[in-house]
Amino acid sequence: MAERQRLRTRGPGRFVTRAIVTAYLFLLVAWPLWLVAQNTFADGFDNLRGILDDPDVVHALQLTVVVAVVAVVINTVFGVGISILIVRYRFPGRRLLNALLDVPLSVSPIVVGLALVLVYGGRSGWFGPGLEDAGLQVIFATPGIILATTFVALPLVIREVVPVLEEIGTEQEQAAQSLGATAAQTFRRITLPAIRWGVTYGVVLSLARSLGEFGAVKVVSGNVLGETRTATLVVEEKYLNFDQGGAYATAFLLALVAVACIVVVSIIRPKEEPR
Amino acid sequence: MSIEITGVTKRFGDFVALEDVSVSIPSGQLTALLGPSGGGKSTLLRIIAGLEYADAGTVGIEGLDATHLPARKRGVGFVFQHYAAFKHLSVRRNIAFGLEIRKRPKDEIRHRVDELLALVHLEQFAERLPAQLSGGQRQRMALARALAVEPKVLLLDEPFGALDAKVRKELREWLRRLHDEVHVTTVFVTHDQEEALEVADEIVVINEGRVEQIGSPDQLYDEPANDFVMRFLGPVTQLGDLLVRPHDVTLTTGADDPDAVAGRVARVVRVGFEVRVEVSTGEQVVLATMTRTEFLRLGVDAGTTVSVRVVPGAPVVPVSGSSVRSGLEVPAR
Ligand SMILES: Nc1ncnc2c1ncn2[C@@H]1O[C@H](COP(=O)(O)OP(=O)(O)OP(=O)(O)O)[C@@H](O)[C@H]1O
Ligand SMILES: [Mg+2]
């Protein structure tokens, strides 16, 4: 794989570069995260035990997990579908769609939240009153939180899968078809195995992002204790109420899960497999 | 007739890749689609396979109208130039793919795959992944994979194009023998006229989206329909307004022949067993090739005056368009 070949520089330049990169990552990522962990365990396991004994916090953690899992499932299914659409088909508006997919990454989550309220809001939104009449409350309820989370993490699977699809090309799929496979069989037996690592990585990134979403969720959830308060909102709440130990402990749990996902994938991903 | 193509036209945007192409491909034979790069050979093959659809015209396969049939229902095996191996499946699973899709019993699949592995000499590589095979082995695997489902026709797009000259030659001889064993109607694309002449029963010459000529290798070589076919199938030289093969040009000294053209030997080049003599007739340079023995018997050298003529009965084709081209040409490869 040509692109994997590295420039081999010798001498002090190499060490200086390494030192700068390491220091940069340490100061920006590792050190702050470490401090969160340190604060969490400042009194041994008291902080962790404290939040895990609080039924409202446990509910918030459960809600966060449910929301993240549902959002990831939605984003994976649609993400893979949209990726195939973008890479394999030529249609008018394709470039526009492609550009639109980056909007969730570039727009501030709080704007996303407000926009969703405008559309689905129970009193004045476009769809909101109609949906509410039909018995489905979106805003200030779990569906709204899922919607907001899904929106924010939307491009992550697509951005991982599209390059892989482009790289594998269409010949294997055509070969499968000429051997008698239907579109569904071709997808399951040929396309999916070929893009599996892209999908896995996209899922992990989406999961990490969904667990940690704050801004959009804050706007649409209503932040009702024990009902629509998610883990990130708990962190804010506790922090503002000077329960720093609880805030750090919750934050630590969130970070732990996200980091664990990424570490696990980096370890199990086979080395020779290109992204 | 096994494959009937009538009036097929294919456009990509404004570009006409195939224009009103009609070809009948006989059953049980090995047919070559021969032509220069960009001529539309792959496009035609892909239309037969259903991987591409024609804008106009019809495709019939074994008496069935296949014009609008999807690829998976056509019963054709397709071998891609770059193999299109299923990278995540072992050689065995690659070959078994079509049978697994058809939900054949496990025992039957294993038996059939073993047979095919033996046919393409890949028995000891059955459990390897395609990435662990050489190019020639991958190509044989792709061929076995296509044959596994017992296709009515087998289509190969430049099957040996990506291989080095030696392997290429071995594989095409092997393909010919395989075809004599299996007897499935086979169409293969090539831009190498030697490959087509050596292997095929029938050759379809395609250039710029049109069929130039259809015939057996002998017909094409001996009775080329036009100067394109003449030039494409082998070396040519020009004498007067006629294109002729350099080995059909004879040189004589002294005797004056009413049909012959007088000239002077300009250059003599010996390449192995062959001697190439360039004769200048004033406005043209004519190339004559002969064996070393013939050359020694003739006893000429640079500067000698000779008479140049075409062997009676040899294939000649009038030059179309401008006749002021150089007399020295070798076919494009
Ligand atoms: N999908 C496509 N879109 C646009 N143009 C195409 C497409 N496929 C083929 N063409 C054009 O059609 C023409 C014929 O292509 P084709 O692949 O059939 O040529 P070929 O005879 O197989 O050539 P080669 O020997 O180089 O493979 C070429 O000029 C090519 O640029
Ligand atoms: Mg081609």
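If you're wondering where the values come from, they're calculated on a predicted model, not measured in any experiment.

Observations concerning the interface of chain B and chain A
Here is step 1: Contacts between chain B and chain A engage 22 residues on the former and 16 residues on the latter.
Here is step 2: Between chain B and chain A the total buried area reaches about 1,800 Å² when both faces are included, carbon and sulfur atoms providing 60% of it.
Here is step 3: The three residues of chain B that bury the most area against chain A are R72, H88 and I101 of chain B, which together make up 32% of that side's buried surface.
Here is step 4: Counting across the chain B and chain A interface gives one salt bridge.
Here is step 5: Here R189 of chain A makes a salt bridge to E100 of chain B, at a shortest N to O gap of 3.3 Å.
Here is step 6: Applying the counting rule to chain B against chain A returns five residue pairs in polar contact (both at pLDDT 80 or more).
Here is step 7: Mapped by element, the contributors of at least two residues to the side of chain B that touches chain A are β6 (76–79), α2 (91–101) and α4 (135–148) of chain B.
Here is step 8: Element by element, the count of residues in the side of chain B that touches chain A is highest for α2 of chain B, at four residues.
Here is step 9: Broken down by class, the residue content of the side of chain B that touches chain A amounts to 12 nonpolar, three polar and seven charged.

Let's talk about the site of ligand 1
Residue and element names in this part refer to chain B.
Here is step 1: The full set close to ligand 1 counts 13 residues, and S37, G38, K41, S42 and T43 are the nearest of them.
Here is step 2: Separating an oxygen atom of ligand 1 from a side-chain N or O atom of S37 is a distance of 2.5 Å.
Here is step 3: At 2.8 Å, a backbone N or O of G38 approaches an oxygen atom of ligand 1.
Here is step 4: In the complex, the protein chains occlude 61% of the 630 Å² of accessible area that ligand 1 would expose alone.
Here is step 5: Of all the secondary structure elements, the ones that give two or more residues to the shell around ligand 1 are β2 (15–25) and α1 (41–49).

Topic: the pairing of strand β1 (residues 3–12) of chain B
In summary, the side chains of a regular strand alternate between the two faces of the sheet.
All names here are of chain B.
Here is step 1: Of the strand pairs in this sheet, β1 and strand β4 (residues 56–61) are connected by five bridges, and their pairing is antiparallel. What sits directly across from I3, in β4, is I61.
Here is step 2: Direction of pairing for β1 relative to β2: antiparallel, over a ladder of seven bridges. Opposite F12, over in β2, you have F15 as the bridge partner.

A look at the sheet that holds strand β17 (residues 305–310) of chain B
Residue and element names in this part refer to chain B.
Here is step 1: Strand order in the open sheet formed by five strands is β13-β17-β14-β15-β16, and the pairing between neighbours is antiparallel. Of all strands in the sheet, those with a lone pairing partner are β13 (249–252) and β16 (285–291), marking the two edges. Adjacent strand axes in the sheet meet at a mean angle of 45° when their direction is disregarded.
Here is step 2: Across seven bridges, strand β15 (residues 274–280) lies against β16 in antiparallel orientation. Considered in β16, the bridge of E274 is made with T291.

Digging into the domain arrangement of chain B
Residues and elements named next belong to chain B.
Here is step 1: With domains assigned, chain B is organised as domain 1 (3–227) and domain 2 (235–329).
Here is step 2: For domain 1 and domain 2, the distance between their C-alpha centroids amounts to 40 Å.
Here is step 3: Across the boundary between the two partners, domain 1 contributes five residues, which contact seven residues of domain 2.
Here is step 4: Its largest share of buried area at the contact with domain 2, domain 1 owes to Y221, P224 and D227, together 84% of the area lost on that side.
Here is step 5: The tally of links between domain 1 and domain 2 comes to zero salt bridges.
Here is step 6: Our count for the contact surface shared by domain 1 and domain 2 stands at zero residue pairs in polar contact (both at pLDDT 80 or more).
Here is step 7: Taken together, the residues of the side of domain 1 that touches domain 2 sort by class into two nonpolar, one polar and two charged.

Digging into the packing of helix α9 (residues 171–178) of chain A against helix α10 (residues 183–212) of chain A
All names here are of chain A.
Here is step 1: Interhelical geometry of α9 versus α10 gives an angle of 140° and a closest axis separation of 10 Å. Compared by their axis directions, α9 and α10 come out oblique. The two elements α9 and α10 cross, and the hand of that crossing is right-handed. Together, Q172, E173, A176 and Q177 of α9 and T186, I190 and T191 of α10 make up the contact between the two elements.
Here is step 2: Considering only residue class, the contact of α9 with α10 consists of two nonpolar, four polar and one charged.

Focus on the sheet that holds β2 of chain B
Residues and elements named next belong to chain B.
Here is step 1: Sheet architecture is open: four strands sit in the order β2-β1-β4-β5, paired in antiparallel fashion. Looking at which strands have only one partner, the edges of the open sheet turn out to be β2 and β5 (64–65).
Here is step 2: With respect to the sheet, α1 is in contact with β1, β2 and β4, its orientation differing from that of β1 by roughly 120°.

Brief notes about the packing of aromatic side chains
Here is step 1: A complete count under the given rule lists six aromatic pairs over all chains for this structure.
Here is step 2: Here the aromatic rings of F228 of chain B and F232 of chain B are separated by 5.6 Å at their centres, their planes lie at 15°, and the arrangement is stacked. Separated by four residues within a single helix, F228 of chain B and F232 of chain B lie in helix α8 (residues 227–233), roughly one turn from each other.
Here is step 3: What makes F232 of chain B buried here is its relative accessible area of 6%.
Here is step 4: Through a chain of ring-to-ring contacts, the aromatic side chains of F41, F45 and F252 of chain A assemble into a single cluster.
Here is step 5: When the ring centre of F97 of chain B is taken as origin, the NZ or CZ atom of R189 of chain A, which lies over that ring, is 6.0 Å away.

Observations regarding a nonpolar patch on the surface
All names here are of chain A.
Here is step 1: Together, V21, Y24, L25, L28, V29, L33, V259, V263, V264, I267 and I268 give the surface a local cluster of nonpolar side chains, amounting to about 1,000 Å² of exposed area.
Here is step 2: At the level of secondary structure, the elements contributing two or more residues to the nonpolar patch comprise α1 (12–40) and α13 (244–268).
Here is step 3: Position of V264 relative to the elements: it lies in helix α13.

Comments concerning α13 of chain A
Residues and elements named next belong to chain A.
Here is step 1: When the terminal C-alpha atoms of α13 are compared, their 36 Å separation across 25 residues agrees well with the 36 Å that a helix rising 1.5 Å per residue should span.
Here is step 2: For α13, every residue scored as buried is listed here: G245, G246, A247, A249, T250, F252, L254, A258, C261 and V265.
Here is step 3: Buried residues in α13 make contact with α1, α2 (46–53), α3 (55–88), α10 and α12 (231–240).

Regarding the nonpolar core
Here is step 1: Formed by 46 residues in total, the largest nonpolar core has its most connected members in I95, L143, L154 and I203 of chain B.
Here is step 2: The biggest single contributor to this core is α4 of chain B, with seven residues.

Re the domain arrangement of chain A
Residues and elements named next belong to chain A.
Here is step 1: Under the domain assignment used here, chain A contains domain 1 (11–40) and domain 2 (46–272).
Here is step 2: The centre of domain 1, based on its C-alpha atoms, is set 29 Å off from the matching centre of domain 2.
Here is step 3: Across the boundary between the two partners, domain 1 contributes five residues, which contact seven residues of domain 2.
Here is step 4: Interface of domain 1 and domain 2: buried area, both sides summed, is about 510 Å²; carbon and sulfur atoms make up 77% of it.
Here is step 5: The three residues of domain 1 that bury the most area against domain 2 are V36, N39 and T40, which together make up 77% of that side's buried surface.
Here is step 6: Connecting domain 1 to domain 2 are zero salt bridges.

Notes on the confidence of the model for chain B
Residue and element names in this part refer to chain B.
Here is step 1: Here chain B shows a mean pLDDT of 89. Residues at 70 or above account for 95%.
Here is step 2: Mean pLDDT across the elements of chain B bottoms out in strand β19 (residues 328–329) (46) and peaks in α2 (96).
Here is step 3: Across residues 322–333, where pLDDT falls below 50, the model places 25 contacts with residues more than four positions away in sequence or in other chains.
Here is step 4: At the level of chain-chain contacts, confidence expressed as ipTM amounts to 0.82, with global pTM at 0.82.

Calculation rules
- Residues numbered from 1 in each chain as written.
- Chains lettered and ligands numbered in written order.
- Predicted model: local features only at pLDDT ≥ 70, side-chain atom pairs only at ≥ 80, totals over all residues.
- Heavy atoms only, no water.
- Contact = heavy atoms within 4.5 Å.
- Buried area = accessible area lost by both parts, 1.4 Å probe.
- Salt bridge = Lys/Arg side-chain N within 4 Å of Asp/Glu carboxyl O.
- Polar contact = N/O pair within 3.5 Å; in protein donor to acceptor, adjacent residues only side chain to side chain.
- Helix = DSSP H or I, 4+ residues; strand = E, 2+ residues; numbered from the N terminus.
- Nonpolar A, V, L, I, M, F, W, Y, C, P; charged D, E, K, R; others polar.
- Near = heavy atom within 4 Å.
- Areas by Shrake-Rupley, 256 points an atom, 1.4 Å probe, with all protein chains shown as cover.
- Pairing = 2+ DSSP bridges.
- Axes fitted to C-alpha atoms, helices over the stretch in contact; angles between N-to-C directions.
- Domains from an automatic or database assignment.
- Parallel < 35°, antiparallel > 145°, perpendicular 65-115°, else oblique.
- Left-handed = near helix turned anticlockwise from the far one by under 90°.
- Phe/Tyr/Trp six-rings, centres within 6.5 Å; stacked < 30°, edge-to-face > 60°.
- Buried < 20%, exposed > 50% of the residue type's maximum accessible area, 1.4 Å probe, protein only.
- Lys NZ or Arg CZ within 6 Å of the ring centre and 35° of its normal.
- Patch = residues over 30% accessible without salt bridge, like charges linked within 9 Å, V, L, I, M, F, W, Y side chains within 5 Å.
- Expected span 1.5 Å × (residues − 1).
- Core = buried A, V, L, I, M, F, W, Y, C linked by side-chain atoms within 4.5 Å.
- pLDDT = per-residue confidence, 0-100.

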